[in-house]
Structures are given as structure tokens and as C-alpha cells.
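Per-entry structural report
Okay, here's what each chain looks like letter by letter:
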Amino acid sequence: MSLELHAQQKALEELWQQGLSGHELLLRHTGLVDTFIIDHFQASPAVQKARGAIALVALGGYGRRELYPFSDVDLLLLHDRKAKKNMQEVSESILYPLWDAGFDVGHSVRTVKDSIRFAGDDFIFQVSLLDSRMLVGTDSLYLDLLKRYRKKVLDGHRHEFVRTMEKLRGQRRSKYGSHSYLLEPHIKEGKGGMRDIQAMLWTAKAIFGLDGLAAMEESGMLEPDARKDFEASWNMLARIRNRLHYISRRHNDQLIFEYQEEMAAAFGYEDRAGMLAVEHFMRHVYGHLQTIAVVTDLFFEHVHEVLGLTEKDRGERELEKGIVARSNTLRLAVTEAELSERPHLLMRVFLQAARTGLPIHHRTRQMVTRNLQLVDDDFRNSRRIARVFIELLTQEKNSMANLETMLETGLLPAYIPEFAGVESLAQHDLYHIYTVDRHQLQTVAELDGLRAEETDLFQSLSSPHLLYLAALLHDIGKGHHTDHSVLGAEMIDDVGRRMGQSDEERNCLAFLVRYHLFLPENALRRDLDDQEFIRQTAELINDMDRLTMLYLLTIADSKATGPSAWSSWKATLLMDLYLKVKGSLEAGCTVDTDKLGEEQGVNWLREQVSDRLRPGEQVRMAVEELPADYLMSFTPEMVVRHLRMHRDQSTLLQQKVLLFPEDRHGSWSLLMLSRDRQGLLAKLCGVLALHKLSVLAAQIFTWPDGTVVDVLDVVPVANSGFDEQDWQALENDLNLAVNYRLDVGLQLHNKLQPVGHRVKRQVQQLKKKVIVDNETSRRFTVIEAYGGDRPGTLYQLTQTLSDFSLNIHRARIATEVEQLIDIFYVTTADGDKVDDGRLLEKIKQTLLQIIGDEEAE
Amino acid sequence: MKKIEAIIKPFKLDDVKNALNGIGIKGMTITEVKGYGRQKGHTEIYRGAEYVVDFLPKIKMEIIVDAVQVDQVIETVVEAARTGKIGDGKIFVLPVEQIVRVRTGETDREAI
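What counts, and at which threshold
- Residues numbered from 1 in each chain as written.
- Chains lettered and ligands numbered in written order.
- Predicted model: local features only at pLDDT ≥ 70, side-chain atom pairs only at ≥ 80, totals over all residues.
- Helix = DSSP H or I, 4+ residues; strand = E, 2+ residues; numbered from the N terminus.
- Buried ≥ 20, exposed ≤ 12 C-beta atoms within 10 Å, placed from the backbone.
- Contact = placed C-beta atoms within 7 Å.
- pLDDT = per-residue confidence, 0-100.
- Pairing = 2+ DSSP bridges.
- Axes fitted to C-alpha atoms, helices over the stretch in contact; angles between N-to-C directions.
- Expected span 1.5 Å × (residues − 1).
- Arc of directions from axis to C-beta.
- Core = buried A, V, L, I, M, F, W, Y, C linked by C-beta atoms within 7 Å.
- Parallel < 35°, antiparallel > 145°, perpendicular 65-115°, else oblique.
- Left-handed = near helix turned anticlockwise from the far one by under 90°.
- Nonpolar A, V, L, I, M, F, W, Y, C, P; charged D, E, K, R; others polar.

1. Some points on the overall build of chain B
- Scanning chain B for helices and strands turns up three helices and six strands.
- Ordered by position from N to C terminus, the α and β elements of chain B give β-α-β-β-β-β-α-β-α.
- A total of 112 residues make up chain B; the buried ones form 19% of that total.
- For chain B, restricting intrachain contacts to residue pairs at least 6 apart in sequence, the fraction spanning at least 24 positions comes to 70%.

2. Focus on the confidence of the model for chain B
Residues and elements named next belong to chain B.
- The predicted model of chain B averages 83 in pLDDT, with 85% of residues at 70 or higher.
- Averaged over each element, pLDDT in chain B is lowest for strand β3 (residues 42-46) (46) and highest for strand β1 (residues 2-8) (94).
- Contacts for the low-pLDDT stretch residues 44-51, under 50 throughout, to residues beyond four places or in other chains number eight contacts.
- Among the scores for the predicted complex, ipTM is 0.71 and pTM is 0.61.

3. So, the environment of A:Tyr434
All names here are of chain A.
- By the secondary structure assignment, Tyr434 is in the loop between α23 (417-420) and α24 (436-453).
- Residue Tyr434 is classed as buried on the basis of its 21 C-beta neighbours within 10 Å.
- For the pair Tyr434 and Gly562, spaced 128 residues apart in sequence, the C-alpha to C-alpha distance is 7.6 Å.
- Excluding residues within four positions of it along the chain, Tyr434 makes contact with Leu182, His439 and Gln442.

4. Observations concerning the sheet that holds strand β6 (residues 323-326) of chain A
All names here are of chain A.
- Taken in spatial order, the three strands line up as β5-β6-β7 in an open sheet, and their pairing is antiparallel. The two strands at the open ends of the sheet, each matched to only one other strand, are β5 (316-320) and β7 (329-332). For this sheet, the mean inter-axis angle between neighbouring strands, taken without regard to orientation, is 35 degrees.
- Pairing of β5 with β6, which is carried by four bridges, proceeds in the antiparallel orientation. By the bridge assignment for β6, Arg317 is matched with Ala325.

5. Some remarks on the sheet that holds strand β4 (residues 133-137) of chain A
All names here are of chain A.
- Strand order in the open sheet made by the four strands is β3-β2-β1-β4, with mixed pairing throughout. Looking along the sheet, the strands with just one partner apiece sit at the ends: β3 (105-110) and β4. Neighbour-to-neighbour, the strand axes of this sheet turn through a mean angle of 25 degrees, independent of strand direction.
- As defined by bridge partners, strand β1 (residues 54-58) adjoins β4 across four bridges and the pair is classed as antiparallel. Of the residues in β4, the one forming a bridge with Leu56 is Val136.

6. What to know about helix α2 (residues 70-81) of chain B
All names here are of chain B.
- Taking 1.5 Å as the rise per residue, α2 with 12 residues should run 16 Å; its terminal C-alpha atoms sit 16 Å apart, in good agreement.
- Those residues of α2 lying buried are Val73, Val77 and Ala81. One side of α2 holds all its buried residues, which, seen down the axis, span an arc of 45 degrees. For α2, the exposed residues lying more than 90 degrees away from the buried face are Asp71, Glu75 and Glu79.

7. Looking at the nonpolar core
Residues and elements named next belong to chain A.
- The biggest cluster of nonpolar side chains holds 153 residues, and the ones touching the most others in it are Leu78, Val349, Leu467, Ala470, Ala471, Leu512 and Leu553.
- With near-sequence residues (within four places) excluded, Leu512 lies in contact with Leu466, Ala470, Met549, Leu550 and Leu553.
- In this structure, Ala682, Leu748, Leu806 and Phe824 belong to the second largest nonpolar core, which totals 45 residues.

8. Here's the deal with the confidence of the model for chain A
All names here are of chain A.
- The predicted model of chain A averages 83 in pLDDT, with 92% of residues at 70 or higher.
- A low-confidence stretch, residues 589-596 (pLDDT under 50), is modelled with 15 contacts involving residues beyond four sequence positions or located in other chains.
- pLDDT under 50 marks residues 755-764. Its contacts with residues more than four places away, or in other chains, come to nine contacts.

9. Some details on the packing of α24(A) against helix α31 (residues 544-561) of chain A
All names here are of chain A.
- As a packed pair, α24 and α31 sit with axes 8 Å apart at the nearest point and diverge in direction by 125 degrees. In terms of their interaxial angle, α24 and α31 are classed as oblique. The chirality of how α24 crosses α31 is right-handed. Residues His439, Gln442, Thr443, Glu446, Leu447 and Leu450 of α24 form the contact with α31, whose own contacting residues are Leu552, Ile555, Ala556, Asp557, Lys559, Ala560 and Thr561.
- Residues that form the contact of α24 with α31 fall into these classes: six nonpolar, four polar and three charged.

10. Here we look at the interface of chain B and chain A
- Counting residues at the interface gives 11 residues for chain B and 11 residues for chain A.
- Looking at the side of chain B that touches chain A, the elements that each hand over two or more residues are β2 (29-35) and β3 of chain B.
- A breakdown of the residues in the side of chain B that touches chain A according to their chemical character gives five nonpolar, one polar and five charged.

11. Some thoughts on the environment of A:Thr138
Residues and elements named next belong to chain A.
- Secondary-structure assignment places Thr138 in the loop between β4 and α8 (139-154).
- Placed 60 residues apart in sequence, Thr138 and Leu78 show a C-alpha to C-alpha distance of 9.2 Å.
- Apart from the residues within four sequence positions on either side, Thr138 is in contact with Ala53, Ile54 and Ala55.

12. Thoughts on helix α38 (residues 727-738) of chain A
Residue and element names in this part refer to chain A.
- A rise of 1.5 Å per residue sets the reference length of α38, with its 12 residues, at 16 Å; its end C-alpha atoms lie 17 Å apart and thus fit the reference within 8%.
- By the burial criterion, the buried members of α38 are Asp733, Leu734, Ala737 and Val738. Projected down its long axis, α38 shows its buried positions confined to an angular sector of 125 degrees, all on one face. Across from the buried face of α38, at angles greater than 90 degrees, the exposed residues are Gln728 and Ala729.
- Phi turns positive one or two residues past the end of α38, at Tyr740, with a value near 60 degrees.

13. Side note on the packing of helix α26 (residues 464-473) of chain A against α31(A)
Residues and elements named next belong to chain A.
- For the pair α26 and α31, the least separation of the axes is 10 Å and the interaxial angle reads 35 degrees. Relative to α31, α26 is oriented so that their crossing is right-handed. Counting all contacts with α26, which are made through Leu466, Leu467, Ala470 and Ala471, the residues of α31 involved are Met549, Leu552, Leu553 and Ala556.
- Across the contact of α26 with α31, the residue classes break down as eight nonpolar, no polar and no charged.

Here it is as C-alpha cells:
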């Protein structure tokens, strides 16, 4: 007979392949097994021999007539005391054939009394009895069980029942809600899965005596629309689970990765509109799970309230007109007519939820969903509502749950229609564990976490709300053919416009979305020691605020993607990139004064300088006329100091060089003010060399009135102290030199001759070269000279550049081992780059001669 | 049979992988690791305070090859991973006693 059952199961699988639908298949399968068991029962000699009463009862899924292809068959063999000694034989005659036919059988053999006692102890058995169904045997035995079950187990234990049910539900949520199950949902135990459906049906039956969805709808517990969606989702999940059992050939309820593609094909999904078939399919699966989760959530909240399990607090508190807090939930205290007069309440109730941290009552959530037609173009374009939305989004206490509720009620996609395009959108890879909509909410939540961890970075932001908006919407361009960053940048511009964001703010939003993958992509792929790459990145981002926002967005985005997208390893690389670009931005070597953002930065600096001058204080140089690159190289305080020196010593300045040395840790910073003269830097360098000071870096700025502000960082050649240095003598020599009273070249030659000898031998092995670079900087020709570190070389190099009538704007002088690397940023006297090839060649040869001088000796 | 372990800079992974594919090496194991050698780590100024990055992110590749191929693999990795700066990495060669392919039970050379 088992052969026959096997053949029938085969036939059933064929019917399934021909398209037998979800629940129908379950019914037929249950029918087959019923017949098989009843036939065996009736043919069993042991049953005929037994003197007492026996009844076979189907439990659980089998009892509900929902027998999936490889599900367990749960049986209760009920008997009275007289039949007890026959039960061993009876059960063998039923169970052996079932086992032989390949079923997993869950069985128990009990009297009615035992069953009731056990049901009191074991909740699983208790609920499985709710689904019990008489198969064959003595009816009165089963009816007796039912009567006593209701009286002894259910009645008077309703609160306990609901509490246990919710506890189990919570345990399932935490166990099957973990990362691995997000990517590969568990159709039975996961959130919105079969267990959630059963938990609702069991509770309806046990607490309210409502058997099935129809009865629930009739009683008003389920809205007709919700029931329809619910049934459609249920049926789809049933079909998926059938298929899962068939293709995995076992009792498997997890929609694991390798089956997803096969399922998608089997259910007729196709690649379309830039999305894989499997992504379309999974999107629907997540949608169905979501429908069931939302309906069952609402149901349990309702039950809670009806039974009075909800904590009572001190009555009602009005938070604002139309919104009240009662029993630790928020509610809209308006009629639907009043709501249509004041649609902004739809948004305000979420703001209150964000402020108070209280959940929104389920009736209010349903009310929001029912009234989404109020979210029209006026609503979406309203500045007032945009302000509320932005406030709730950036609330410190705002929880993920609040945003999720906003998504689930449909308010978020209604308010930002672009969001609807990514609802439940799945990405078929092992990397993205959330659907795109959840991922974006998660990114906002991660940002909240970062707000606590990276307080300083957050506080440095001038408009944190832009970062939040970008986090919420950075992936809205997904699900189309094209690059989602580019498309998303266009889309967020529309969103920003509706929310009344200024041009500048919208630019920033578009920038953040457009480049949200830039840092993570490049942190791993590019050589972070490559200065050119860092410089280009700094130029692309071009703003400290944007850089910091991009950095925070990257961390939040990565963390919200999944456990494989973020590690301390990646964090280190990303931070390295961030710090290097930050350094490059701060150094301002790449400043490009024609950019809008920078002009604003410079204007801001001018204001800062003006603010620091005393009211009515006169200076001899208009703050407005100070050059941008100068302003960006000093703090406003230093600029003010320069201005005051310039004013107080104006007469002296015409003839002399004013020297202001300062001891910085590790080096001395020399500020020198003077009038511009041909070859000034060369003379300064020469005199410094005479005074045994080695130059590390030089910045040279010229004000429109011809005042030169130079800052040279120097270290003493001998290990002498700051106070030992004869600064007065230095200043005197500087003045002699600029007034053509000191033969710097000859002096150097004489004075340094002995030292030159010592250095000479080391220099022999060094590589000497001169590189002229017109690419790296937009405004300057960069000349790099590598040679031996010989005092006086710097004087000769700068003097030579001056001879070619080049202005030196910046210089970096680095010493590596005993090698000297001089980098000069120069322009012609007209302020242009040097692009005359022949001239460049000449300069190069002359410089080479200087640094190669000693070889010739 | 030898195991070649190469520690390289993360951004060089694609280059090295492609170069190895080019000489017929198809299989390798990649791990994200942190460590330091002569490069030591470096100090960054972060939020105004000095921040010491002591372990630097690197990629560790493990490749199993027949002994005759070792030199070619080393040469390829060196060529592809080299930037000439400090921190380019290191390569270790270790003997492998036995290999078993789990699915088929094949051993040693067939299982590479």
C-alpha cells in the first residue's frame, strides 16, 4: 500500500509541476495521507482486537490540512484506559507504514486526561490541539477531549495564552531576524512567515473563538482590504514553501540563495528594466512577508488592548492640538474629516514619536494609511511640512522603528515618491543583506550611532540635515539600467527642491549622492601614498564640510550594508584616505580660487579678519584686497597681526626687512615683512645660510601694495638654542642685503668653503635631477630640484630663478638623508605658468649645473 | 608542492590577481590582514590629536603551486605588487605535505 502512496505523491508532484496552486496542493496532499492512514487503521488487526475506544487525531499543520510535501505528520493516538495495553501494537500498525513511506512522523499516545495535563505544561502541544482534526476511530473520545480542552486549558487562561504567544513571537523575531535570515528569509519562522499567520489564527480561535480569516473580518478585526492582501500573500508563501520542499527534497523552509534564482524562473519572473529576474522575485517575496508582518502586528496590538494587557498610565496627555499620548502610545485625536482639514498632522505625529520615543498606536497607523490621498502635491511641496520632516529625521532620539513605521504606513513613499521605487527592492548578492528601502533606513540609524561616536566630526558640520537626507536617499537611483549614483543625484535634486532647499544645499545633496561610493571604492583600490591621487580627490571634493559628510556617509552606508561590507580593516584604509585628503585640503596647496565654494570660504575669512579688528580701527591695507591664497594660509588672528605691523611700521617697511622670529617645537618660524624687490627670496635664503640656518619651507605672499609677507621655517645647522641665535645681527644683514650692501654670493663662497669639503664626498652617489611639472598645479609651474644638501645651494637656485624673472610663490625644502629636495611653485612676472619649452629647458640646464656643481669640481 | 604566502598592499590586489591569472594560476585564498614590518605604522593628526596607526591594512594571498612554478609565481607577484616604496610587502614559501580535495577525495597534485 505504501507503494501506492508513493505513486500518488509522484502524481501530485506532477500536478504541481503543471501548476497546481499553493493551498490546493496542500489539501490534496493532506487527502492522500488521510486516506493512507485511515486505510491502515481500518485494516489493522491490532485495532480490531482492542477492547476499548481509540481515536486517531491529526495535529498541527496536518490538522489544518496544510501538509507541505516534506512536512512532519503530527498524530495523536487517543485511547481510553481499556485500550491501553493494545496501544503498542496499534501504534506500530499505523506508524510503521508511515515511516516506511518516508514520512517524518511526530506522534504521541495518550488518554484524554494525559493530553489535557500535558497541554497545560507544553504550550506547543497546547496550540497544536487548536488545529486538531478527527481522522478515524471513536468520535466521542475526541469530542470529550475538545470539551475538556476548552474548559480546562483555554478558559480563564487567555492572558497567559496571549503572553506566551507573544513571547514566542518575540523569540522568533530575534532568532530569525538576524543578518543571515535577511538575505535568505525563513518562510516558516521568519518575520511575516507562516508562524506569524498561525499565531494570529490560533489566538483568534483560542481567545475570541473566531475560526479563520472570514470570521475575523466579520467581527471587524480585519479590514476587508487587509484580508485580501493577506490571503494573496499567504497563498504566495504557500506556493514558495511547496516548491522549496520539492526542490530541496526535504523539509526545508529557508529560501536560501542558491534556490532563489531557480524559484524566480519557475514563477515566471524575467530580467527586466535593469533588474534580474531573481531581484523582481525577491522583491515580491519581501513584500508578501511585509504584508503579513504588518497585519499580524496590528492584530496583536489590538488583542493586547482588548484584553487590557497594555499598561495604564495617568490618562491622556495632549502633546499638541490633535495629537495625544495615552497608555504609552501616540494617537491622532481627530476625526477623518478634521484630518483632511489639517493634513500636516500626518507628519507631525511622526515628529512627536521621534521626540518622545513613543510608538504610534495601531489605529492611528491604520488611519494614516487610509488617508494617504491627503499627501498630494501641495503636501509634498509644503515648506512647513518639509521642516517637520527634516526635524524628525534628524532627531537625536529618532529610532529606526519610527522610520520603519513611516515606511510601513506608506507615508514615507507617499511623501517622497522616489522612495517607492526602491521599496522591498532586493539586490541579489551576498553583500547587501537588506532590501534597498530598509538599507537606507538602516543607514540613517547608523548615522545616529556615529553621532555619538564621532561627536567632533558631527559638530563641525554646518548643515547636518543634508547628511541625513543624503543617507535616507543615497540609493534611490537603484533598480534602473543606469549608474544609480548619477541618477540618484538627479532625483535627490527634485526632492530637495520640493523640500525648499536652497541651490547650494541641493548642490551638496546631489554631490553626496553622486559620490557616495567614491571613498570606499578608492580607499581599497588606489595607492594612498600617491600624492597626485590625493590632490585630485581634494580638488574633486574641495570642501572640508563635504569631505566630512562623505566620510560619515560612507561609514554609515557600509555598516548598513551588511557584516561583510565593514571591518576595522576597511575602516583603517578609509580613515587613512580621509585624513590625507583632509590634510591636502587644509594645506591648500591645490587651492583654486575660481571655485565658488572657495570664494565663499575666502569671503568668510575676510569677515573673520574684519570682526577681529577693533571697531573703527584703521589699517593701511583694505581687507577686501588681500589675496585669497594669502588669507587661506594664515589664521584670521595672524592676518590681523600682519595688518597691525604693516600699519605701525609703515615707514620702516619701505626701506627695511622686519623680522619676527618665533620658536615652534622642532623648528623656528620667521615672519618677514618687507617691500617687494627683485630676487628678494634669494637674498633672504643667502643671509639665512650665512647665519647657519637651514630653510625647511617657505611661503611667499605679495599684497597689492607691494608688501611681501614671507614665512620661512628654519632649523639651525648647529644644534643651538633659539635664544642663542643673534637675531639682531641677522636682521641687520638682511637689511644690508636687500639694500645691495652685502655681497651675499661671495660671502657664502668664502664662509662655507671648509664645510663644502666635508659634504662633497657624500654627495657623489646622489641622484641629481631637475623636474619641471606643468600638470600638478593649475596656477603654478612646479620645479623640483634634487641634489646634494650643500649650504648656499638654495641661495643659488633662488637667485637663478630670479635671474630668469620668475616669481617664486611657494617653496618646500625637504631633506631626506643627505639629499636636498627643493620644490618651487613659480610663475612668470605676469603671473602665468611658464610654458615656453625652450625657456624651460634653459632653466633646467642652469639649475642642473648648480646642483651638479660639485661633480665638476 | 609549495604554499606561497604573499603580503601585499591592498590596492595592488587586482594587479597581482590579474598577473597570476596571466601565468595560469587560477586559485588563491585572500585574507584581509593587519600588520607591520619595517614600515612600522605612522602617526596621523586626527581631530587635532595625534593618532597612531600601528597596524597597517594589508592583503595576504595564499597560493598553492607545484614546486617548479614557485619562482615564476614569486617573480610575477614581485613585479605586480611593487611600488618601490616602503611597505610593499613580503613573500614566504612553505612546503606543503599533503592536499585533499574535499568533494572528490583527489589528493596532492590533482587537488591543486
